[in-house]
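Now for the letters of each chain:
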Amino acid sequence: MNEMNAPFFETLWTSLPLPGVVIDPDNIIFEVNTAMETFLNLSARSLKDRPVWDMIHVDAPLDEAVTRIRRDNAPLFVNNVDVGSGERAPVQSNIQFSSLVDRPGYILILMKPREIADKMGQALQSKSAAKSAIGMAEMLAHEIKNPLAGITGAAQLLSMNLEPADQELTDLIVAESRRIVQLLDQVEQFGNLRPPERRAVNLHDVLDRVRKSAAVGFGAHMKIAEEYDPSLPPTFADPDQLVQVFLNLLKNASEAQPNGGTITVHTFYEQSLRVSRPDGSRVSVPLNIEVIDDGPGLPPGLAGDVFEPFVSGRENGTGLGLALVSKIVAEHDGWIAVTSVPGRTVFRISLPMASTMAPNQTDKET
């Protein structure tokens, strides 16, 4: 049976359309598929038995993340990072890391280049085009809400003169109309997000504000635990937008566990992390915040696209909340990633220090 399976899996690996490599416990390239050879413009012979990050240049802090994948046996999805080699220019890609079940310490890495035709955001290359699209979405949302209000009002008036059995239909009209209005509100919010008003901010003050709000509202059924690094320096951010980010993450974790569970908010400092800005410059992002829950995890196949607009793992979810989170983090020169297995989902955000971004600013608390 194994003799029959070996050629099949070799053919499958070679035919895989996504660029892929397998690395050993020392981060040495063990296997390379044909798509990766084409993607990097390098042969398998030149790639094998070489340190992976010497041959594949990824503009994201991954060493510590790979260590955690091996430790937790949890997949990691990193979106919108530049990947290249010495033989080709970087290409913006999504990356998936997965442990190999039958080979402890070995990790499969799959690249998903973001082709212009695949993503609407990539298609809108110019800022003017992007602004036009956002403006059109806002206009449509506003115009659609007006007739919806009339439909809702008419349905409510009709229900006053109907039998109880027929009122179920008008109640359905009202409920669905309100759901559409909520979606349109989020579309408007996504387009109307103002530029961040950044200053030195104490992250723990922001997180305490979010925790208190969650504890008396959507997260009242959850235990919210804190694991703070008390020496964490201030970040350079808009405190109200950070509140929006962490409220969204805690709300998602709470809604994933309607019967209760634990959310852990963990902060720590890691000096080695760096990300690139749109202008090509690099900025250190050593301030890390993790929102960890012990819920069922993200649906299979969703984690790689969870920050894309209109991608949701919940019934009736709009898929705009995490897209907004990703947008805010990016505008703060930060980085966001997610790992998820049943029983443990971790959203990790990395942000710059205030002293790095604005050396003349004095530290202020929110």
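Residues numbered from 1 in each chain as written. Predicted model: local features only at pLDDT ≥ 70, side-chain atom pairs only at ≥ 80, totals over all residues. Heavy atoms only, no water.

Undergrad: Describe the packing of aromatic side chains, with residues and values.
TA: The full count for this structure, using the stated rule, is 1 aromatic pair. Here the aromatic rings of Phe 30 and Tyr 106 are separated by 5.3 Å at their centres, their planes lie at 80°, and the arrangement is edge-to-face. Taken together, the residues Phe 30 in strand 2 (residues 29-32) and Tyr 106 in the loop between strand 5 (88-99) and strand 6 (107-113) connect sequence positions 76 residues apart. (Phe/Tyr/Trp six-rings, centres within 6.5 Å; stacked < 30°, edge-to-face > 60°. Helix = DSSP H or I, 4+ residues; strand = E, 2+ residues; numbered from the N terminus.)

Undergrad: Can you explain a negative patch on the surface? Please cite residues and give values.
TA: A cluster of acidic side chains, namely Glu 163, Asp 166, Glu 168 and Asp 171, defines a negative patch on the protein surface. As for its placement among the helices and strands, Glu 168 is situated in helix 8 (residues 164-192). A relative accessible area of 58% means that Glu 168 is categorised as exposed. (Patch = residues over 30% accessible without salt bridge, like charges linked within 9 Å, V, L, I, M, F, W, Y side chains within 5 Å. Areas by Shrake-Rupley, 256 points an atom, 1.4 Å probe, with all protein chains shown as cover. Salt bridge = Lys/Arg side-chain N within 4 Å of Asp/Glu carboxyl O. Lys, Arg positive; Asp, Glu negative; His and termini not counted. Charge placed at Lys NZ, Arg CZ, Asp CG, Glu CD. Buried < 20%, exposed > 50% of the residue type's maximum accessible area, 1.4 Å probe, protein only.)

Undergrad: Outline the pattern of salt bridges, supporting the account with residue identities and numerical values.
TA: Under the definition given, this model contains 8 salt bridges. For Glu 290, the salt bridge goes to Arg 68, with nearest N and O atoms at 2.4 Å. Here the residue Glu 290 occupies a position in strand 13 (residues 287-293), and Arg 68 occupies one in helix 5 (residues 63-72), the gap between them amounting to 222 residues. The salt bridge involving Asp 72 is made with Arg 71; its shortest N-O contact spans 3.0 Å. Taking the relative accessible area as the measure of exposure, Asp 72 reaches 31% and is therefore partly exposed.

Undergrad: Just give me the short version of the nonpolar core, but keep the residues and values in it.
TA: Val 245, Phe 246, Leu 249, Leu 250 and Ile 349 are the most contacted members of the largest nonpolar core, which has 36 residues in total. Breaking this core down by element, the ones donating at least two residues are helix 9 (203-215), helix 10 (239-255), strand 10 (262-269), strand 13, helix 11 (321-331), strand 14 (335-341) and strand 15 (344-351). Ranked by the residues each element gives to this core, the list is headed by helix 10, at 7 residues. Leave out the neighbours within four places in its chain, and Ile 349 touches Val 245, Phe 246, Leu 249, Leu 287, Asn 288, Ile 289, Val 329, Trp 335 and Ile 336. Judged by nonpolar contacts, the second largest core, of 35 residues, contains Ile 23, Val 58, Ala 60 and Met 111. (Core = buried A, V, L, I, M, F, W, Y, C linked by side-chain atoms within 4.5 Å. Contact = heavy atoms within 4.5 Å.)

Undergrad: Tell me about the environment of Val 91, residues and numbers included.
TA: Within the fold, Val 91 resides in strand 5. Exposure remark for Val 91: the relative accessible area of 19% places this residue in the buried category. Along the sequence, Val 91 and Pro 113 sit 22 residues apart, while their C-alpha atoms lie 6.7 Å from each other. In contact with Val 91, other than residues within four places in its own chain, are Phe 39, Val 81, Asp 82, Val 83 and Pro 113.

Undergrad: Describe in detail the packing of helix 10 against helix 11, supporting the description with residues and values.
TA: At their nearest, the axes of helix 10 and helix 11 sit 10 Å apart, and the two run at 145° to each other. The way helix 10 lies across helix 11 gives a crossing that is left-handed. The residues of helix 11 that touch helix 10, namely those facing Gln 241, Gln 244, Val 245, Asn 248, Leu 249 and Asn 252, are Gly 321, Leu 322, Leu 324, Val 325, Ile 328 and Val 329. Of the residues contributing to the contact of helix 10 with helix 11, the split by class is 7 nonpolar, 5 polar and no charged. (Axes fitted to C-alpha atoms, helices over the stretch in contact; angles between N-to-C directions. Left-handed = near helix turned anticlockwise from the far one by under 90°. Nonpolar A, V, L, I, M, F, W, Y, C, P; charged D, E, K, R; others polar.)

Undergrad: An account of the confidence of the model for the protein chain is requested, with residue identities and associated values reported.
TA: Per-residue confidence for the protein chain gives a mean pLDDT of 78; residues scoring 70 or more make up 75%. Taken as a whole, residues 116-131 scores under 50 in pLDDT and shows 12 contacts with residues more than four places along the chain or in a different chain. (pLDDT = per-residue confidence, 0-100.)

Undergrad: Provide a residue-level description of the environment of Asn 33, including the pertinent values.
TA: Looking at the element boundaries, Asn 33 is found in the loop between strand 2 and helix 2 (34-40). In sequence terms Asn 33 and Leu 12 are 21 residues apart; their C-alpha atoms lie 9.7 Å from each other. The contact partners of Asn 33, leaving out residues within four places of it in the chain, are Trp 13, Leu 16, Leu 18, Pro 19 and Gly 20. Of note is the side chain of Asn 33, whose polar atom sits 2.9 Å from the backbone nitrogen of Gly 20. (Polar contact = N/O pair within 3.5 Å; in protein donor to acceptor, adjacent residues only side chain to side chain.)

Undergrad: Help me get a handle on empty space enclosed by the protein, residues and values and all.
TA: Throughout the structure, instances matching the rule amount to 1 cavity of 30 Å³ or more. Approximately 210 Å³ is the volume found for the largest cavity. Along the walls of the largest cavity sit 15 residues, with Arg 68, Leu 76, Glu 290, Thr 339 and Val 346 positioned nearest its centre. No other element matches helix 5, which puts 5 residues into the lining of the largest cavity. (1 Å grid on protein atoms, 1.4 Å probe; cavity = no way out; pocket = protein on both sides within 12 Å on 5 of 7 lines; lining within 4 Å. Points joined across faces, edges and corners; volume = space filled by probe spheres on them.)

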